[in-house]
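Listed below are the residues making up each chain.
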Amino acid sequence: MSTTTELSETTLLRFATAGSVDDGKSTLVGRLLHDSKSVLVDQLEAVERASASRGQEAPDLALLTDGLRAEREQGITIDVAYRYFATPRRRFILADTPGHVQYTRNMVTGASTAELTVILVDARNGVVEQTRRHAAIAALLRVPHVVLAVNKMDLVGYQESVFAAIAEEFTAYALELGVPEITAIPISALAGDNVVDPSATMDWYGGPTFLEHLETVPVAHDLSHCHARLPVQYVIRPQTAEHPDYRGYAGQIAAGTFRVGDPVTVLPSGRTTTISGIDLLGTPVGVAWTTQSVTVLLADDIDVSRGDLIVPTKDAPATTQDVEATVCHVADQPLTVGHRVLLKHGTRTVKAIVKDIPSRLTLDDLSLHPHPGQLVANDIGRVKIRTAEPLPVDSYADSRRTGSFILIDPSDGTTLTAGMVGESFAAPDPVRDETEDDGWDF
């Protein structure tokens, strides 16, 4: 059997690493790639030369992912580094995210499509505020699996009691957030203990190694049975002699399955029709499913443009101009009540205004600070938004693709906030919205 065939029959796991500064994320990723034989010879030689030039005796495996000059000079991760590798049992897409507080926005980016998040903790420091923030983001993004990797066990004498105390504290915190599954693994990324091979010095640990867990964790990323959604990205009108009347609506299927003959509704207009054809890579097909980029042909000539959403008529989401969501604010500029923004949902971008900020989450004890007035960088809170046009939104709990959005600064295009529609954390008691009569009505 060829290698291509073998890989096509294995499952794909998308996962992200997170943790506080100097917890060893990049070293763990480098060790994982090195010990799983996923590093090319020339890559390893380049790392060895770079390590030697810095006076290090052994190769610094963190350099396999820290590719920016600023990252190598400071010994930190700044950007999200994506790595693709495979073992005989599974294929992987890994997002190595930065640990500094000011780069938390990058962790949101890396974990937004992940099915598993690895949160590293330095065994000497235990659970810190950034650990709690990353756990809250993982819960907010509905990541189904979380791994607590207690790193640098070699620096605490491989003591079981240290690992047990950290695992107990983190698990209790994550369960309060609603994280569905937590697996704690004691490791030493520098020495390679429990990363790929079992540790000879931690015989008290009887669980899987880090790679073994990655290879065996259940992956439920098949969205073909979810609510079918196709955001329209482009209208194709060749108007050539060969295709004089061709009108197709192109986009990537966000969720679910579409078939020729299905009755569909175009939102937000609400017009209904039937799928008369589906083109995939220029070839007509009878059915298409999640993540495939297709062109859909409709039986009736109705007004469809970029930003519209094609959905099954029997399973159409409600359209609304009032969006309530849990958000993670990622910009240096605060988000305030009355803030005029652009809201990008799928392929559609509309004007909007922040009508209220009911609460901000306090990470230490998971309490809610009511009506903070604003959210600053890395804050997590609840917002109420009024849009200029109706939007067909799903709850984020039902669909991570069509239940998410971003808020954009209309003046310079900066991403302000990542939002998840619906309830993610408990909300405070409802209060009167004092911004209803602020004169900026939609």
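Rules and cut-offs
Residues numbered from 1 in each chain as written. Predicted model: local features only at pLDDT ≥ 70, side-chain atom pairs only at ≥ 80, totals over all residues. Heavy atoms only, no water. Helix = DSSP H or I, 4+ residues; strand = E, 2+ residues; numbered from the N terminus. Buried < 20%, exposed > 50% of the residue type's maximum accessible area, 1.4 Å probe, protein only. Contact = heavy atoms within 4.5 Å. Polar contact = N/O pair within 3.5 Å; in protein donor to acceptor, adjacent residues only side chain to side chain. Phe/Tyr/Trp six-rings, centres within 6.5 Å; stacked < 30°, edge-to-face > 60°. Axes fitted to C-alpha atoms, helices over the stretch in contact; angles between N-to-C directions. Left-handed = near helix turned anticlockwise from the far one by under 90°. Nonpolar A, V, L, I, M, F, W, Y, C, P; charged D, E, K, R; others polar. Pairing = 2+ DSSP bridges. Core = buried A, V, L, I, M, F, W, Y, C linked by side-chain atoms within 4.5 Å. Domains from an automatic or database assignment. Salt bridge = Lys/Arg side-chain N within 4 Å of Asp/Glu carboxyl O.

Chemist: Hey, could you go over the overall build of the chain for me, with residue numbers and the actual values?
Modeler: Assigned secondary structure in the chain consists of 8 helices and 25 strands. Per-residue burial for the chain yields a buried fraction of 51% across its 442 residues. Sequence-distant contacts in the chain: of pairs separated by 6 or more residues, those separated by 24 or more amount to 70%.

Chemist: How would you summarise the side chain of Ser199 if you had to cite specific residues and measurements?
Modeler: You can see Ser199 is positioned in the loop between β6 (182-186) and α8 (210-216). You can call Ser199 buried: its relative accessible area is 12%. Here the side chain of Ser199 touches Asp193 through a polar contact of 2.8 Å, side chain to side chain.

Chemist: Quick rundown of the packing of aromatic side chains? Include the residues and the values.
Modeler: Summed over the entire model, instances satisfying the criterion amount to 4 aromatic pairs. When the centroid spacing of 6.1 Å and the interplanar angle of 90° are considered together, the rings of Phe15 and Phe92 count as edge-to-face. Within this pair, whereas Phe15 is found in strand β1 (residues 11-19), its partner Phe92 is found in strand β3 (residues 90-96), the two being separated by 77 residues in sequence. Classification of Phe15 as buried rests on a relative accessible area of 1%. A relative accessible area of 2% places Phe92 in the buried class.

Chemist: Hey, could you go over the packing of helix α6 (residues 129-140) against helix α7 (residues 160-177) for me, with residue numbers and the actual values?
Modeler: When two helices pack together, their arrangement is given by the angle between the helix axes and the distance between those axes. It is at 9 Å that the axes of α6 and α7 come closest, and there the two elements cross at 35°. Considering only the axes of α6 and α7, their crossing is right-handed. Facing Thr131, Arg132, Ala135, Ala136 and Ala139 of α6, the residues of α7 in contact are Glu169, Phe170, Tyr173 and Leu177. Along the lines of polarity and charge, the residues of the contact of α6 with α7 split into 6 nonpolar, 1 polar and 2 charged.

Chemist: If you had to explain the sheet that holds strand β2 (residues 81-87) to someone new, which residues and values would you point to?
Modeler: Spatially, the 6 strands line up as an open sheet ordered β2-β3-β1-β4-β5-β6, and their pairing is mixed. The two strands at the open ends of the sheet, each matched to only one other strand, are β2 and β6. Averaged over all pairs of adjacent strands, the angle between strand axes in this sheet comes to 25°, irrespective of strand direction. The pairing of β1 with strand β4 (residues 116-122) spans 5 bridges and is classified as parallel. By the bridge assignment, Ala16 is partnered in β4 with Thr117. On top of the sheet, α6 reaches β1, β4 and β5 (145-151); it is set at about 170° to β4, its chief contact.

Chemist: Describe the pairing of strand β11 (residues 263-267), naming the residues involved and giving the relevant values.
Modeler: Counted residue by residue, β11 has 4 buried out of 5 residues, so it is predominantly covered. In terms of strand pairing, β11 meets strand β12 (residues 271-280) through 4 bridges, oriented antiparallel. Bridge pairing links Val264 to Thr273 in β12. Hairpin connection, β11 to β12: the antiparallel pair is bridged by 3 residues, and Gly270 has positive phi, about 85°. Relative to strand β16 (residues 309-312), β11 runs antiparallel, the two being bridged by 4 bridges. Bridge pairing in β16 links Leu267 to Leu309.

Chemist: Mind laying out the pairing of β16, listing which residues take part and the relevant values?
Modeler: Remark: a regular strand shows side chains that alternate across the two faces of the sheet. With 2 bridges connecting them, strand β7 (residues 230-231) and β16 associate as antiparallel partners. Note that in β16 the partner of Pro231 across the bridge is Leu309.

Chemist: Account for the nonpolar core, naming residues and giving values.
Modeler: The biggest cluster of nonpolar side chains holds 44 residues, and the ones touching the most others in it are Met153, Phe170 and Leu177. Contributions of two or more residues to this core are made by β1, α5 (104-111), β4, α6, β5, α7 and β25 (415-421). The residue makeup of this core includes at least three contributed by each of domain 1 (12-216) and domain 3 (319-421). Look past the residues within four positions of Met153 in its chain and what remains in contact with it is Ala123, Tyr158, Gln159, Phe163, Pro186, Ile187, Ser188, Met202 and Trp204. Core analysis: the next-biggest nonpolar cluster, separate from the first, contains 24 residues, Leu28, Leu32, Ile187 and Val196 among them.

Chemist: Can you lay out the packing of α5 against α6 for me, pointing to particular residues and giving the numbers?
Modeler: At their nearest, the axes of α5 and α6 sit 10 Å apart, and the two run at 35° to each other. The interaxial crossing formed by α5 with α6 has right-handed handedness. In contact with Thr104, Met107 and Val108 of α5, α6 contributes Gln130, Arg133, His134 and Ile137. Looking at the contact of α5 with α6, its residues break down into 3 nonpolar, 3 polar and 1 charged.

Chemist: Mind laying out the pattern of salt bridges, listing which residues take part and the relevant values?
Modeler: This model, assessed by the stated rule, comprises 12 salt bridges. Ionic pairing is found between Arg386 and Asp322, a salt bridge with its closest N-O pair at 2.8 Å. Note that Arg386 is positioned in strand β23 (residues 380-392) and Asp322 in strand β17 (residues 319-329), a separation of 64 residues in sequence.

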